[in-house]
Amino acid sequence: MSPTTSTILISSLATGTIITMTSYHWLLAWIGLEINTLAIIPMISTRHHPRSTEAATKYFLTQAAASAMILFSSTTNAWYTGTWDITQMSTTPSHILLTTALAMKLGLAPVHFWLPEVLQGSTMTTALVITTWQKLAPMSLIFMTVNNLSPTMLMTIGLFSSMIGGWGGLNQTQTRKIMAYSSIAHLGWMSTVTSIMTNILVVNLLIYLIMTTTMFYSLTLSKSKTIQNMSTSWTISPMLTTTMMLTLLSLGGLPPLTGFAPKWLILEELTMQNLILLATMMAMSSLLSLFFYLRLTYTTTLTLSPNTTQTKHKWRFKPMKPMLPLTIFTPMTIIMLPMMPTIIY
């Protein structure tokens, strides 16, 4: 892709998200989402390959359907109430339609099927953009309309997503599909706590973005597209392999790593609201996710002896990508737990 094209696409992505996040009128929010969708489709289909074309088509159809549903819900709401204000989504049919549309935009269960397929058909960098930047605009709409959305529906979607995110990832060998199911599970946790405490939602989203960026950057640097690739990544850089292992454990939510904080806060909040059964089921579903993170950790660091093996798969090429983002994000992924009280309050 030429520098001019990539500049136009990236600036359109940023513009679309910012328009949606700063708008109070439904039509402006919808325009922002459309700009966002149309900017990322060429990025998905840059590789002239049937799989990337298929991924772009699936992404376009899903996002177009979700955008149409958002437009339909806002029109219905305007019809009943006479206002296009985002914060005044007060009619029941409208907010049910909106919740379904935003779940489809984010890739929450049961409308999650497009996400693993689209990630598998795109490059690592595009997959990183889809799982991080593309979540900001729908999340900001949820944040603005949370007072009018149904808590029961959000919690049910969250529970389904965390369970399906765990189950779906168990049988995968492709790292992009594993990261897709990981994304579904994390967004499920966010959906569960949305209607209870938005502070925790924002913190969880921030930590999710940091951890996912670190993981995708590590996978890009080590050129790991499958679990088998990851098992030979020690020969590229032992340090990168070690930090990748810690990032995976942080994604799984093990203490004392950063990823433990959002799970801890959400479970504590659910318990305080007397939602004991939901908290128990969420904790059980996180064990499913933890299983495939541990399996990845095991194949990455524990199946080879810690020496430079003469493997034919990997060579010690100098990395072409800048290492500075990884240097910034890795410590935040691993050792930010003690800073949590400062961030939340």
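Calculation criteria
Residues numbered from 1 in each chain as written. Predicted model: local features only at pLDDT ≥ 70, side-chain atom pairs only at ≥ 80, totals over all residues. Heavy atoms only, no water. UniProt positions renumbered as here; feature names shortened; annotations may be inferred. Helix = DSSP H or I, 4+ residues; strand = E, 2+ residues; numbered from the N terminus. Salt bridge = Lys/Arg side-chain N within 4 Å of Asp/Glu carboxyl O. Domains from an automatic or database assignment. Contact = heavy atoms within 4.5 Å. Buried area = accessible area lost by both parts, 1.4 Å probe. Polar contact = N/O pair within 3.5 Å; in protein donor to acceptor, adjacent residues only side chain to side chain.

Looking at an unreviewed UniProt entry, the protein chain carries the name NADH-ubiquinone oxidoreductase chain 2, with the source organism given as Anolis dracula. UniProt annotates the protein chain under Function (unreviewed entry) with the comment "Core subunit of the mitochondrial membrane respiratory chain NADH dehydrogenase (Complex I) which catalyzes electron transfer from NADH through the respiratory chain, using ubiquinone as an electron acceptor. Essential for the catalytic activity and assembly of complex I." In its Catalytic activity (unreviewed entry) section, the UniProt record describing the protein chain reads: "a ubiquinone + NADH + 5 H(+)(in) = a ubiquinol + NAD(+) + 4 H(+)(out)".

*Asks:* What am I meant to see in the UniProt feature "transmembrane region" (unreviewed entry) in the protein chain here?
*Replies:* Feature annotation in UniProt assigns "transmembrane region" (unreviewed entry) to the following positions: residues 56-75, 95-115, 152-171, 203-222, 234-255, 275-294 and 323-344. Here residues 56-75 is 100% helix and 0% strand, with 28 Å between the C-alpha atoms at its ends. Span residues 95-115 is 67% helix and 0% strand, its end C-alpha atoms 23 Å apart.

*Asks:* Is there a simple way to explain the pattern of salt bridges in this structure?
*Replies:* Where charged atoms from two side chains of opposite charge approach closely, those side chains can pair. In the structure shown here, the tally under the stated rule is 3 salt bridges. Residues Lys58 and Glu117 are paired through a salt bridge, measuring 3.7 Å at the closest nitrogen-oxygen approach. Here Lys58, found in helix H3 (residues 50-81), pairs with Glu117, found in helix H5 (residues 114-121); they are 59 residues apart in sequence, far enough to count as distant. Each member of the salt-bridge network shares a partner with another, and the members are Glu54, Lys58, Glu117 and Lys177.

*Asks:* What is the right way to read the domain arrangement of the protein chain from this model?
*Replies:* Many authors give the size of an interface as the accessible area that is lost as the parts come together. For the protein chain, the domain assignment lists domain 1 (8-149) and domain 2 (155-197 + 212-306 + 320-344). Each of domain 1 and domain 2 was reduced to a C-alpha centroid, and the two centroids are 24 Å apart. Across the boundary between the two partners, domain 1 contributes 24 residues, which contact 26 residues of domain 2. With both sides pooled, the region where domain 1 packs onto domain 2 buries about 2100 Å², and carbon together with sulfur makes up 75% of that total. Summed over the three residues of domain 1 that lose the most area to domain 2, namely Leu108, Gln120 and Met124, the buried surface amounts to 30% of that side. Where domain 1 meets domain 2, there are 1 salt bridge. With its nearest N and O atoms 3.6 Å apart, the salt bridge here joins Lys177 to Glu117. If you look at where domain 1 meets domain 2, you find 3 residue pairs in polar contact (both at pLDDT 80 or more). Of all the secondary structure elements, the ones that give two or more residues to the side of domain 1 that touches domain 2 are helix H4 (92-106), H5, helix H6 (124-131) and helix H7 (136-145).

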